[in-house]
Amino acid sequence: MFRRHSGNPARAADALRLVSVSKVYGDGANAVTALDDVTLTLPAGSFTAVMGPSGSGKSTLLHCAAGLDQPTTGQVFIDDKEMTGDEAALTRFRRQRIGFVFQQFNLLPALTVLQNVTLPLKLSGRKLDHTHIRIVLEQVGLSDRLEHRPAELSGGEQQRVTIARALVTNPSMIFADEPTGALDTRNARSILTLLQEAVRDFGQTVVMVTHDPVAASHACSVLFLADGKFVGRLDNPTAEAVAERLTHLGDDIARQPVALGA
Amino acid sequence: MFRLALQSLRHRTGGFMASFIALFLGATIVMTFASMLDTSGGSSVTSADRDTLVIMANVVGGFALVIVIFAATSTLTLSVRQRGAEMAVLKHVGATPAQIGRMIVGETTIVALAGSLLAILPAMLGGWLLLEALASTGQVSATVPYRFGPIALGLGLGINLVSATVAAALTARSTTRKRASESSAAAMIETPGTGKKRVIAAVVLLAVGIGLGVVTATVSREEGYESMQTAGQASIWASIGFALLAQVLLRAIITVLGHPLAQMTGASSYLALLNLRQRSHQMASIAMPIILFTGLATGTLYMQDIENSVTSVEGVAKSTIQKNIETLNYVFVGMIVLFAAIMLINTLVAATTYRSREFGQQRLAGSTPPQMLSMVVVESIVLAVTGVLFGSIASLVSVVPFSIARTGSPVPDSPAGIYLGIVAVAVIITIVPTPTTTRRVIRTSAVEAVAA
Ligand SMILES: Nc1ncnc2c1ncn2[C@@H]1O[C@H](COP(=O)(O)OP(=O)(O)O)[C@@H](O)[C@H]1O
Ligand SMILES: [Mg+2]
C-alpha cells in the first residue's frame, strides 16, 4: 500500500529505522521518559502521521529521528546509514539526508525566499541545480515571490517556503512537526497537499506530527503514540476513524494510568 | 505602567544589562571628574591647585560626558529596538503609544538610577586615585584634601537620569509611531536607514573637526603646546561625526569588501555579508565604539608624542601646565580605552546573545558550529576594518595639523608602534568576544533556541 518510488536508485528500501530508541530528560527523581524503547521502520516513499495526546513524546520522537536531539539509548538509521557523531557531523548528515518543516516555519528573516530555499545547498557547498530549484519553487507556487522576505509573506506562504527548502536538497526523509498548526484551514489543506505531492511526485518519505485528524487523514498511515510508546496504527485513515481512535486512546490512558506510565 | 515597567525589568534582567553597564560606567566617569570640582572648592586649596583641578574636571570630564551620553544613548536605543516584537505584542493587546512610552521611560529611569547609585563608591575611589596621581606628579600640592560632594553627586545623577530619559523618550517615540502590524514586520526585518537629522549632525561635526584642524595648522601655529587643545578637539568631533554615520560607512565597506570576502570562505561569508547588510543598523552600533576608540586614542597619543619630542629637541623642561596636559592626555586615553573596551564587549555580548533564535534557525537550516563561528568572525572582521579605518581617518584631523603647528611637517616623526598597538587592541576587543559568546549561545539545542 505504500507507493514505492524507483526514481532514486541510491536510496535504501527503508528510509527510516529506529531501533530501541529511548529518550530520558533529566535524571534522578526528575527523570521523564519521553520515549520508551521505540522501534520503527518506515519504507521509502511513505507518508506517515504520528498522533497522540500532548506530552506523549511526538516532538521528542521527531527530534531524535531527525538528529536534532540524541536518543539516550538506541540507534537511528536514515537510508540505512546510522546517525551518530558530534553536532557538526550530525548537521552534515541532516543537511544531506533530511528536510524539516516546523510549525513556526523557522525561516531566516534576513534572507529572501530564494536565499532561504537555497541556503542548505550553499551551506553544504553543493552546486546549485537551477532547474531542480525552479521545479521545486513552481511546485510550491512561489515562483513570483522569490525576492520577498519572510515577514512580507502570509503564514501559508512562509510554510510553502520551508517545504521548498526541505525539498530542494532532495533529502531521504522529510520531518514535519505540526506543519499546519499555525495555519487556517485553507492554507493547511494546501500544505498537506504539497506534502502528499512531495511523496507522489518527488518520491520523498514524510513523517508528520499532528494533533489534527483531518491533517492525519492525508497520510498513508497513522501511528498513535501514548506515554512514549506506539499504541496503535491505522492504515488508509479517514478523519473520522482517526478521531474515533484518538478518543479511545484517551480512554485507555485514563483507565490505566499506572500501567502505561513511564 | 510603572508596575509593568518594574515587572518587565525583573523578567528581562539580561536584556537591560548592557544599558545598565553603560550607565553605571558613565556615572562612574562623570562623578570621578566632577569630584575634582568638589575638591577644588575646599577652603585650604590654593588658587593654582584650584585651576589645575578645574581644568581636569572641565576638559577631560567635559569630553567624557559627551562620549558617555553618546554611549548610553546608543545602548538604550539598541535594547529598546531589540524588543520590537515585544512592543508589537503590547500594541496588539491594546497598549496606547503613551502607555508604551511611559513603560520604556519608566524602565530606563529605574536602570539609570540603579546605575548611578552603584557608581558612587567606585567614583569616590576613582576620584581619590586621580587626585593622588596629580599630587604625586607635583601638579597639585600633596596637602589638598579629597572631597566627594554635591557637585559630583548632582552631576552624576542628573546627567545620567536626564540623558537616559531623553534617549528613552526619543526611542519610545520612534517605536510607538509605527503601527502595530508594521512593528511586528519591522521587528523581523530590522532595516531602518540613517535619518536625515543624523546625517546633518554628522556632517556638521565632521566640518567642525576639519575646521579645528585647519585652525590648528594655520592660526594656532604660534601658540606652541596650547594648540593641542584645539587640535585635540578636532579628532574628537570628527570621530563622533563618523560614529554617527557608522551605518553608511559600514555599508560602503561591505560594498568594497563584499566580493573578495564572498569568494574566500563560501557559505559562512555569504551569510555574514547578508547579516551585515540586513542588520547594518545593529551592526553599526558595534562599529561606533571602535571608531571612537581608534580616533581618540590615536589622535591623543600621537599629539602627546609629537609634543614630547618637540620639548626634548628644544632641550627645555616641561612647564607645570605642559605636565598637566600630559597627565590629562594619558588619563583621557586610559579612560577612552577602558570605556570603549567595556562598551564594545558589552554591546557585542548583548547583541550576540540576542541572536540566539536566529542562530538556532540557521543551525536548523544546516549550519555546522564551525560555520556559525566563521560567520560571526567574518562579521567582526568587517566591523573592525570599518571602525579602525574611519577612526584612523578621524585621528588625522588632529595629528597632521598639530604636527604642522609644532614641527612644520605634516608627517610626525613618531613611532608606528603606537598606532599598531592601538589597532591591535581595537581588533582584539572587536573580534574576541563574539565567537566566545556565540560558542556559549549555540550550546543549547537549536530546537530549544528557536522555541524560546
Ligand atoms: N527539553 C526537555 N526537558 C525535559 N523534559 C522534556 C523536554 N522536552 C520534552 N520533555 C518532556 O517529555 C515528554 C514528551 O514531550 P514532547 O515530545 O514535547 O511531547 P508532544 O510533542 O507529544 O507534546 C513530556 O512529558 C515533556 O514534558
Ligand atoms: Mg510537540
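Residues numbered from 1 in each chain as written. Chains lettered and ligands numbered in written order. Predicted model: local features only at pLDDT ≥ 70, side-chain atom pairs only at ≥ 80, totals over all residues. Heavy atoms only, no water.

**Regarding the sheet that holds strand 4 (residues 73–78) of chain A**
Residue and element names in this part refer to chain A.
And step 1. Spatially, the four strands line up as an open sheet ordered 2-1-4-5, and their pairing is antiparallel. Only two strands of the sheet have a single partner each, and these edge strands are strand 2 (32–43) and strand 5 (81–82).
And step 2. Bridge count for strand 4 against strand 5 is two bridges, and the pairing is antiparallel. By the bridge assignment, Ile78 is partnered in strand 5 with Lys81.
And step 3. Against the sheet, helix 1 (residues 58–65) contacts strand 1 (14–25), strand 2 and strand 4, and its axis sits at roughly 120° relative to strand 1. (Pairing = 2+ DSSP bridges. Helix = DSSP H or I, 4+ residues; strand = E, 2+ residues; numbered from the N terminus. Contact = heavy atoms within 4.5 Å. Axes fitted to C-alpha atoms, helices over the stretch in contact; angles between N-to-C directions.)

**Considering the site of ligand 1**
And step 1. Lining the immediate surroundings of ligand 1 are Tyr25, Val32, Ala34, Pro53, Ser54, Gly55, Ser56, Gly57, Lys58, Ser59 and Thr60 of chain A together with Glu448 of chain B.
And step 2. More than one chain approaches ligand 1, the contributing ones being chains A and B.
And step 3. One of the backbone nitrogen or oxygen atoms of Lys58 of chain A is found 2.9 Å away from an oxygen atom of ligand 1.
And step 4. Between ligand 1 and Thr60 of chain A, the relevant distance is 2.5 Å, taken from an oxygen atom to a side-chain nitrogen or oxygen of the residue.
And step 5. Relative to its unbound accessible area of 560 Å², ligand 1 is 61% covered by the protein chains.
And step 6. When residues of the shell around ligand 1 are traced back to their parent elements, those giving at least two are strand 2 and helix 1 of chain A.
And step 7. The element contributing the most residues to the shell around ligand 1 is helix 1 of chain A, with three residues.
And step 8. Per-class residue counts for the shell around ligand 1 are four nonpolar, six polar and two charged. (Near = heavy atom within 4 Å. Polar contact = N/O pair within 3.5 Å; in protein donor to acceptor, adjacent residues only side chain to side chain. Areas by Shrake-Rupley, 256 points an atom, 1.4 Å probe, with all protein chains shown as cover. Nonpolar A, V, L, I, M, F, W, Y, C, P; charged D, E, K, R; others polar.)

**Notes on the domain arrangement of chain B**
Many descriptions give the size of an interface as the accessible area lost when the pieces come together.
Residues and elements named next belong to chain B.
And step 1. Each domain of chain B was delimited in the assignment, giving domain 1 (1–189) and domain 2 (190–452).
And step 2. On a C-alpha basis, the centres of domain 1 and domain 2 stand 22 Å from each other.
And step 3. Contact residues are listed per partner, giving 33 residues for domain 1 and 33 residues for domain 2.
And step 4. Both sides together, the interface formed by domain 1 and domain 2 hides about 2900 Å², and carbon and sulfur atoms give 75% of it.
And step 5. Between domain 1 and domain 2 we count zero salt bridges in total.
And step 6. Where domain 1 touches domain 2, the interface holds zero residue pairs in polar contact (both at pLDDT 80 or more).
And step 7. Counting only elements with at least two residues in the side of domain 1 that touches domain 2, the list comes to helix 2 (13–40), helix 3 (47–81), helix 5 (97–136) and helix 7 (180–189).
And step 8. Looking at the side of domain 1 that touches domain 2, the element that brings in the most residues is helix 3, giving 16 residues. (Domains from an automatic or database assignment. Buried area = accessible area lost by both parts, 1.4 Å probe. Salt bridge = Lys/Arg side-chain N within 4 Å of Asp/Glu carboxyl O.)

**A short note on the sheet that holds strand 6 (residues 98–102) of chain A**
Residue and element names in this part refer to chain A.
And step 1. Taken in spatial order, the six strands of this open sheet run 6-7-8-3-9-10, and their pairing is mixed. Of all the strands in the sheet, the pair left with one neighbour each is strand 6 and strand 10 (229–235). For this sheet the average axis-to-axis angle between neighbouring strands, irrespective of direction, equals 20°.
And step 2. As paired strands, strand 7 (residues 173–177) and strand 8 (residues 206–209) are joined by four bridges and run parallel to one another. Bridge pairing links Asp177 to Val209 in strand 8.
And step 3. On the sheet, helix 1 packs against strand 3 (47–51), strand 6, strand 7, strand 8, strand 9 (221–226) and strand 10 and is oriented at approximately 155° with respect to strand 7.

**Here we look at empty space enclosed by the protein**
And step 1. Inspection of the entire model under this criterion finds eight cavities of 30 Å³ or more.
And step 2. In this structure, the largest cavity encloses a volume near 140 Å³.
And step 3. Lining the largest cavity are 13 residues, with Ile98, Gly99 and Phe100 of chain A together with Leu364 and Ala365 of chain B positioned closest to its centre.
And step 4. The residue makeup of the lining of the largest cavity, split by class, is six nonpolar, four polar and three charged. (1 Å grid on protein atoms, 1.4 Å probe; cavity = no way out; pocket = protein on both sides within 12 Å on 5 of 7 lines; lining within 4 Å. Points joined across faces, edges and corners; volume = space filled by probe spheres on them.)

**Describing the environment of Asn187 of chain A**
Residue and element names in this part refer to chain A.
And step 1. On the secondary structure map, Asn187 appears in helix 6 (residues 185–202).
And step 2. Judged by relative accessible area, Asn187 falls into the buried class, the value being 13%.
And step 3. Sequence separation between Asn187 and Gly155 is 32 residues; the distance between their C-alpha atoms is 8.1 Å. (Buried < 20%, exposed > 50% of the residue type's maximum accessible area, 1.4 Å probe, protein only.)

**Concerning the interface of chain B and chain A**
And step 1. On the chain A side, the residues contacting the 26 residues of chain B number 25 residues.
And step 2. At the boundary of chain B with chain A, total buried surface from both sides reaches about 2300 Å², with 66% on carbon and sulfur atoms.
And step 3. Considering only the side of chain B, the residues that lose the most area to chain A are Tyr270, Leu364 and Ala365 of chain B, jointly responsible for 23% of the buried surface there.
And step 4. The salt bridge involving Glu87 of chain A is made with Arg363 of chain B; its shortest N-O contact spans 3.2 Å.
And step 5. Applying the counting criterion to the chain B and chain A interface returns six residue pairs in polar contact (both at pLDDT 80 or more).

**Brief notes about the nonpolar core**
And step 1. Among the nonpolar cores identified, the biggest contains 93 residues, and Leu119 of chain A together with Met36, Leu53, Met56, Leu271, Phe332 and Leu383 of chain B are the most heavily contacted of them.
And step 2. Among the elements that line this core, the one with the most residues is helix 13 (residues 320–354) of chain B, at 12 residues.
And step 3. Composition of this core by domain shows at least three residues from each of domain 1 (1–189) and domain 2 (190–452) of chain B.
And step 4. Membership of the second largest hydrophobic core comes to 43 residues, among which are Val136, Ala166, Val168 and Leu249 of chain A. (Core = buried A, V, L, I, M, F, W, Y, C linked by side-chain atoms within 4.5 Å.)

**A few points about the packing of aromatic side chains**
And step 1. As enumerated under the stated definition, the model contains three aromatic pairs over all chains in all.
And step 2. Ring geometry for Phe100 of chain A versus Phe102 of chain A: centroids 5.5 Å apart, planes at 20°, classification stacked. For the pair shown, Phe100 of chain A and Phe102 of chain A are each scored as buried.
And step 3. When the centroid spacing of 5.4 Å and the interplanar angle of 55° are considered together, the rings of Phe242 of chain B and Phe390 of chain B count as tilted. Here Phe242 of chain B is found in helix 9 (residues 227–244), whereas its partner Phe390 of chain B is found in helix 15 (residues 369–407), with 148 residues between them in sequence.
And step 4. When the ring centre of Phe77 of chain A is taken as origin, the NZ or CZ atom of Arg17 of chain A, which lies over that ring, is 4.4 Å away.
And step 5. For the cation-ring pair, Arg97 of chain A lies above Phe93 of chain A, with the distance from its terminal atom to the ring centre recorded as 5.5 Å. (Phe/Tyr/Trp six-rings, centres within 6.5 Å; stacked < 30°, edge-to-face > 60°. Lys NZ or Arg CZ within 6 Å of the ring centre and 35° of its normal.)

**Thoughts on unusual backbone geometry**
All names here are of chain A.
And step 1. Of note, the phi angle at Asp80 is positive, near 70°, even though the residue is not glycine.
And step 2. If you trace the backbone, Asp80 turns up in the loop between strand 4 and strand 5.
And step 3. Unlike most non-glycine residues, Asn236 shows phi in positive territory, near 45°.
And step 4. As for its placement among the helices and strands, Asn236 is situated in the loop between strand 10 and helix 8 (239–255).

**Let's talk about a nonpolar patch on the surface**
And step 1. Among the surface-exposed residues, Leu125, Trp128 and Leu129 of chain B lie close enough to one another that they form a single nonpolar patch of about 310 Å² accessible area.
And step 2. Of note, Leu125 of chain B is situated in helix 5. (Patch = residues over 30% accessible without salt bridge, like charges linked within 9 Å, V, L, I, M, F, W, Y side chains within 5 Å.)

**Describing helix 17 (residues 433–441) of chain B**
And step 1. Those residues of helix 17 of chain B that sit buried are Pro433, Thr434, Pro435, Thr437, Thr438 and Val441 of chain B.
And step 2. The secondary structure elements touched by the buried residues of helix 17 of chain B are helix 13, helix 14 (356–364), helix 15 and helix 16 (417–431) of chain B.

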